[in-house]
Amino acid sequence: MTRTSARKSALKARASLREEDTDLEDDAVQTHEEEEESEHEAPPPKKRRVSTTAKPHPRSRAKGALKDFLDLPLELVLRILGELDLPTLVHLSRLSRRFWRLLRGDKSLHILWTDARQRSGITRPTAHGMSVYQQANLMFGCCQGCGKTTNKIDWVLRIRACPSCYRDRVADKQTASFSKEVLEIAPFSQMDSSGGERKTKHYSVHDLRHVDAMLYRVVRTKTDALDTKRDCYDYGDDSDDEGEPTEEHDALDWTYYGYNALTFKYRCFGRMEDIRSKDDFIHDLTVVRNKRVADANLMVAWFEQEEKRRGEERRKILETRRKDIMARFEAEGYKAHHFDFDAFRDHPIMRVAKELTDSAFAAVHVEVGALVAAQRHRQDVQIIAQESNRLRDLVSREYNRLRQDEEYVREYLFDPVPDIYEFLELEPVKAMYRIASVDEVGKRTPPPIADKARDIARAIGQACEAAESAFFRSFVKILAEIETAREVDPLAAPPAATPQPGPTLAQSAAPTAHPLQLLPADLDELLQQPELYQDDLLLRAICIFQCLACKHVDNGIGILTHKCSVGHHSLRATGYQLLRERIEAAIDVVVALEQELSATAEEVGEFGHVLHCECASPAIAHDWRNVVLHRARYHRTSAEKPAIVVDTEEGAMKRVFDKHVESLGQQSTGYSSFYPLFGGMRF
Ligand SMILES: [Zn+2]
Ligand SMILES: [Zn+2]
Ligand SMILES: [Zn+2]
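The rules behind the values
Residues numbered from 1 in each chain as written. Chains lettered and ligands numbered in written order. Predicted model: local features only at pLDDT ≥ 70, side-chain atom pairs only at ≥ 80, totals over all residues. Heavy atoms only, no water. Helix = DSSP H or I, 4+ residues; strand = E, 2+ residues; numbered from the N terminus. Buried < 20%, exposed > 50% of the residue type's maximum accessible area, 1.4 Å probe, protein only. Contact = heavy atoms within 4.5 Å. Areas by Shrake-Rupley, 256 points an atom, 1.4 Å probe, with all protein chains shown as cover. Donors = N, O, S within 2.8 Å, 3.2 Å for Na, K, Ca; no water. Tetrahedral: all angles 85-135°; square planar, octahedral: opposite > 155°, others 65-115°. Salt bridge = Lys/Arg side-chain N within 4 Å of Asp/Glu carboxyl O. Pairing = 2+ DSSP bridges. Axes fitted to C-alpha atoms, helices over the stretch in contact; angles between N-to-C directions. Arc of directions from axis to C-beta. Core = buried A, V, L, I, M, F, W, Y, C linked by side-chain atoms within 4.5 Å. pLDDT = per-residue confidence, 0-100. Parallel < 35°, antiparallel > 145°, perpendicular 65-115°, else oblique. Nonpolar A, V, L, I, M, F, W, Y, C, P; charged D, E, K, R; others polar. Phe/Tyr/Trp six-rings, centres within 6.5 Å; stacked < 30°, edge-to-face > 60°. Lys NZ or Arg CZ within 6 Å of the ring centre and 35° of its normal.

A. Just the overall build of the protein, in detail. Helix and strand counts for the protein stand at 25 helices and twelve strands. The proportion of buried residues among the 683 residues of the protein is 42%. Residue pairs at least 24 apart in sequence account for 65% of intrachain contacts in the protein once pairs closer than 6 positions are excluded. Per element, the accessible surface of the protein, about 38900 Å² overall, is 52% carbon and sulfur.

B. Representation of the coordination of the zinc ion (ligand 3). Here the zinc ion (ligand 3) is held by Cys-613 (SG), Cys-615 (SG), His-630 (NE2) and His-635 (NE2), and the distances to it run 1.9 to 2.2 Å. Its four donor atoms give the zinc ion (ligand 3) angles of 101 to 117° at the centre, a pattern that matches the tetrahedral case. Binding-site remark: the zinc ion (ligand 3) is held by donors from one chain whose sequence spacing is C-x1-C-x14-H-x4-H. Classification of Cys-613 by relative accessible area gives buried; the value is 7%. By relative accessible area, Cys-615 is classed as partly exposed at 42%.

C. Spotlight on the pattern of salt bridges. One pass over the full model with this rule turns up 35 salt bridges. Two residues, Glu-181 and Lys-278, come together in a salt bridge whose shortest N-O distance is 2.2 Å. Within this pair, whereas Glu-181 is found in helix H9 (residues 180–185), its partner Lys-278 is found in helix H12 (residues 278–330), the two being separated by 97 residues in sequence. Classification of Glu-181 by relative accessible area gives partly exposed; the value is 30%. Its relative accessible area of 6% is what places Lys-278 among the buried residues. Residues Arg-444 and Glu-440 are paired through a salt bridge, measuring 3.1 Å at the closest nitrogen-oxygen approach. The class for Arg-444 is partly exposed, based on a relative accessible area of 23%.

D. Looking closely at the coordination of the zinc ion (ligand 1). For the zinc ion (ligand 1), the full set of protein donor atoms is Cys-143 (SG), Cys-146 (SG), Cys-162 (SG) and Cys-165 (SG), at a range of 2.1 to 2.3 Å. Coordination at the zinc ion (ligand 1) is tetrahedral: its four donor atoms span angles of 97 to 120° at the metal. Sequence spacing of the donors to the zinc ion (ligand 1): C-x2-C-x15-C-x2-C. Of the two residues, Cys-143 and Cys-146, neither departs from the other in class, the shared state being buried.

E. Looking closely at the sheet that holds strand E8 (residues 544–547). If you trace the three strands from one edge of the open sheet to the other, you get E9-E8-E10, paired in antiparallel fashion. Only two strands of the sheet have a single neighbouring strand rather than two, namely strand E9 (553–555) and strand E10 (576–578). The average undirected angle you get between the axes of adjacent strands in this sheet is 35°. Both E8 and E9 contribute to a ladder of three bridges, which runs antiparallel. Bridged to Ile-544 within E9 is Asn-555.

F. Spatial organisation of the pairing of strand E7 (residues 270–275). Of the pairings in the sheet, the one linking strand E6 (residues 262–266) to E7 comprises four bridges and is antiparallel in character. Each residue of the ladder has a partner; that of Leu-262, found in E7, is Ile-275. The turn joining E6 and E7, which pair antiparallel and follow one another in sequence, is formed by three residues.

G. Seen up close, the side chain of Asp-154. Mapped onto the fold, Asp-154 is located in strand E1 (residues 153–154). Using a relative accessible area of 0% as the deciding quantity, one classes Asp-154 as buried.

H. Structural context of helix H7 (residues 132–140). Across the nine residues of H7, nine count as buried, placing the element largely inside the fold. Of all the residues in H7, the buried ones are Val-132, Tyr-133, Gln-134, Gln-135, Ala-136, Asn-137, Leu-138, Met-139 and Phe-140. Here the buried face of H7 lies against helix H4 (86–93), helix H5 (97–105), helix H6 (110–119), E1, strand E2 (159–160) and H12.

I. View of the environment of Ala-470. Looking at the secondary structure, you find Ala-470 in helix H18 (residues 453–488). Expressed as a C-alpha distance, the spacing of Ala-470 and Ala-573, which sit 103 residues apart in the sequence, is 6.4 Å.

J. Spotlight on helix H23 (residues 624–634). Along H23, the residues that are buried comprise Trp-624, Val-627, Val-628, Arg-631 and Ala-632. For H23, the angular spread of buried residues about the axis comes to 130°, placing them on one side. On its buried face, H23 is in contact with E8, helix H21 (580–592), helix H22 (601–605), strand E11 (611–613) and strand E12 (644–646).

K. Spatial organisation of the nonpolar core. Residues Phe-414, Phe-423, Ile-449, Leu-611 and Trp-624 are the most contacted members of the largest nonpolar core, which totals 76 residues. Among the elements that take part in this core, H18 stands out by supplying 14 residues, more than any other. Setting aside its immediate chain neighbours within four residues, Trp-624 contacts Ala-541, Ile-544, Val-589, Ala-601, Val-604, Gly-605 and Leu-611.

L. Highlighting the environment of Glu-273. In this structure, Glu-273 sits in strand E7. Residue contacts for Glu-273: discarding those within four places in its chain leaves Leu-262, Thr-263 and Asp-284.

M. Representation of the sheet that holds strand E5 (residues 197–204) in the model. Taken together, the three strands give an open sheet; going across it, the order is E3-E5-E4, and neighbouring strands pair in antiparallel fashion. Here the strands that pair on one side only, and so sit at the sheet edges, are strand E3 (170–171) and strand E4 (189–191). Sheet analysis places E3 next to E5, joined by two bridges and oriented antiparallel. Its bridge partner lying in E5, Val-170 is registered against Ser-204.

N. The confidence of the model for the protein, seen in detail. Across the protein, the average pLDDT comes to 81, with 81% of residues at 70 or higher. Segment residues 1–43 is flagged for pLDDT under 50; beyond a separation of four residues in sequence, or across chains, it makes 64 contacts in the model. The ipTM for the predicted assembly is 0.72, set against a pTM of 0.56.

O. Representation of the packing of H4 against H5 within the structure. Packing of H4 against H5 leaves a shortest axis separation of 8 Å and a crossing angle of 130°. What the angle tells us is that H4 and H5 run oblique. Counted together, Leu-89, Leu-92 and Ser-93 of H4 and Phe-99, Trp-100, Leu-103 and Arg-104 of H5 form the full contact between these two elements. Along the lines of polarity and charge, the residues of the contact of H4 with H5 split into five nonpolar, one polar and one charged.

P. Broad picture of the packing of aromatic side chains. Counting across every chain of the model gives 20 aromatic pairs. Ring geometry for Tyr-334 versus Phe-339: centroids 6.3 Å apart, planes at 55°, classification tilted. Taking relative accessible area as the criterion, Tyr-334 reaches 12% and is therefore assigned buried. Taking relative accessible area as the criterion, Phe-339 reaches 3% and is therefore assigned buried. Where Tyr-399 meets Phe-423, the ring centres are 3.7 Å apart and the plane angle is 5°; that geometry is what we call stacked. Highlighted residues: Tyr-399 in helix H14 (residues 358–403) and Phe-423 in helix H16 (residues 420–425), separated in sequence by 24 residues. Cluster of aromatic residues (ring-pair linked, three or more members): Phe-329, Tyr-334, Phe-339, Phe-341, Phe-344 and Phe-361. The ring of Tyr-166 carries Lys-152 above its face, with NZ or CZ at 4.3 Å from the centroid. Here the basic side chain of Arg-289 rests over the ring of Phe-188, its NZ or CZ set 3.8 Å away from the ring centre.

Dropping the structure here:
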């Protein structure tokens with residue numbers, strides 16, 4: 001304890017001694033051009049504590065090496081020192097007394113410092129009074145008072161000091177023991193250590209002392225000049241300006257009254273000369289302050305820039321290190337994608353901003369190796385999936401482009417043209433984009449669809465066959481259900497509709513039992529030997545399927561090759577709907593047309609647009625499909641079934657025409673005005 005305090009006081013004593021030295025020198029108004037460079041404000045090199053327990057200092061080995069460095073031929077030493085930047089030079093100079101003597105003692109090495117400053121991209125200060133040594137110490141050094149390490153800096157006042165020395169060197173309005181006038185004109189700072197702003201003004205005590213001394217001479221000269229002016233020039237002028245200082249007096253040019261212009265040469269302010277009035281003096285001080293603020297901003301900006309540059313450098317080093325580690329694993333058979341996971345990227349070894357050494361790698365080899373090995377399979381699966389998706393996108397893009405000319409695809413490639421998602425699930429298409437192993441990643445492009453058209457057409461054919469056989473089974477099942485229902489209730493059988501030629505209303509035909517045999521054979525036999533019956537049954541008009549996407553209606557064969565108007569043609573049975581009520585409605589229609597139930601959709605379709613439902617009679621005639629849909633929807637139960645009206649095409653057309661004429665008759669009053677060209681006609 002006692003030793004520490006003794007040491008402290010010794011330090012203080014030395015510091016104050018140095019301060020006195022400085023003051024002595026600075027206070028003297030120098031007449032000759034002062035040498036700019038001085039080392040008085042720079043600290044001596046840090047002294048190492050001499051420990052009684054002779055613990056080897058961790059840095060002693062490095063220090064030894066540096067000592068050896070100084071034993072090299074001087075020319076070589078200087079060449080190496082000539083490559084260093086300013087922070088390193090400061091660091092070296094503080095490392096040992098030998099370095100200090102070499103770097104700071106030898107004035108001829110001054111150029112080493114200015115070159116280093118330039119190399120480091122640091123601007124030479126514009127305000128006077130800061131040598132390159134002082135600037136280096138301000139930016140990278142230690143307390144200007146005691147040499148302790150500190151980050152407390154005032155960039156404008158150019159002071160770096162530990163808290164206790166700072167109190168001696170920096171003052172504000174409360175703590176400064178100088179007149180208000182001095183505080184008004186002295187250079188001040190409102191910048192904090194990190195370049196930010198602070199509210200109160202701060203002054204360098206050192207500056208204040210000089211400003212005070214200069215101001216004393218300025219005021220004295222001004223007063224003398226005023227006296228002379230009053231005594232010799234204004235004689236007889238009984239003005240009442242009894243020595244009150246006014247702005248006019250501050251502007252008074254005293255050389256006019258025989259006084260010399262003043263020149264001050266304080267190191268901290270540089271040369272201030274040709275001062276002819278107090279205003280001149282104040283103006284020069286303002287210029288000093290503005291220059292110092294500009295310098296301060298530049299220094300702060302340099303650190304910001306440097307931080308950015310270091311961050312960038314660090315990122316680069318980390319990136320190189322990561323790539324190095326990856327390369328070492330790649331030599332063991334891993335691929336780039338195997339490292340694409342967080343635990344690898346964030347592993348502590350990746351965060352050391354150093355070049356990778358063999359030993360550093362060896363230390364984590366097993367651990368990181370296990371990490372990568374554990375992820376390997378997952379990463380493989382992922383990259384394969386990614387690559388497959390990429391190729392699949394290419395295939396689907398080509399397919400969509402081809403489908404813009406669907407007729408071409410039907411004609412030359414395959415028919416039907418399936419929905420995109422079903423297309424991509426066809427085996428030959430999958431083979432175009434599926435990747436089997438990581439070795440294929442990045443090396444494949446899908447073949448053109450046209451090259452695989454034959455395989456695709458075969459796969460589509462197979463899919464349609466599967467759908468047909470599913471259609472067959474569900475159709476047969478529904479037919480069997482309908483038959484069973486009729487056996488129980490013969491009235492449920494469809495009425496034998498009488499054809500009604502001409503525009504007559506259909507009579508409500510009495511329902512009669514119908515001896516229609518829906519199934520051509522036994523249900524079991526049908527299901528066991530579908531090949532004998534399937535085509536026959538699916539081609540029938542009463543086997544009525546609807547596309548769920550575009551609502552198109554056709555029999556079990558035709559529906560699978562329909563042109564889907566919304567582009568979602570399905571190859572699957574689930575893409576189509578077969579409803580019992582539609583089958584029953586279709587049976588009614590076929591019967592009404594006096595056809596066999598085995599009539600195909602084509603045969604029934606030949607009747608054309610001759611049908612309509614009695615519920616809306618007379619109505620425009622439709623084809624069988626529309627009437628089936630209408631009746632399945634609105635007349636499901638036999639109790640409410642209106643008759644189906646069968647017309648001839650001529651009859652239907654005439655009916656429509658009559659209706660048209662009738663509606664014209666209703667509108668005839670204003671007709672000629674609508675159609676002036678028909679003016680001669682009367683309706
Ligand atoms: Zn200090
Ligand atoms: Zn469709
Ligand atoms: Zn109807």
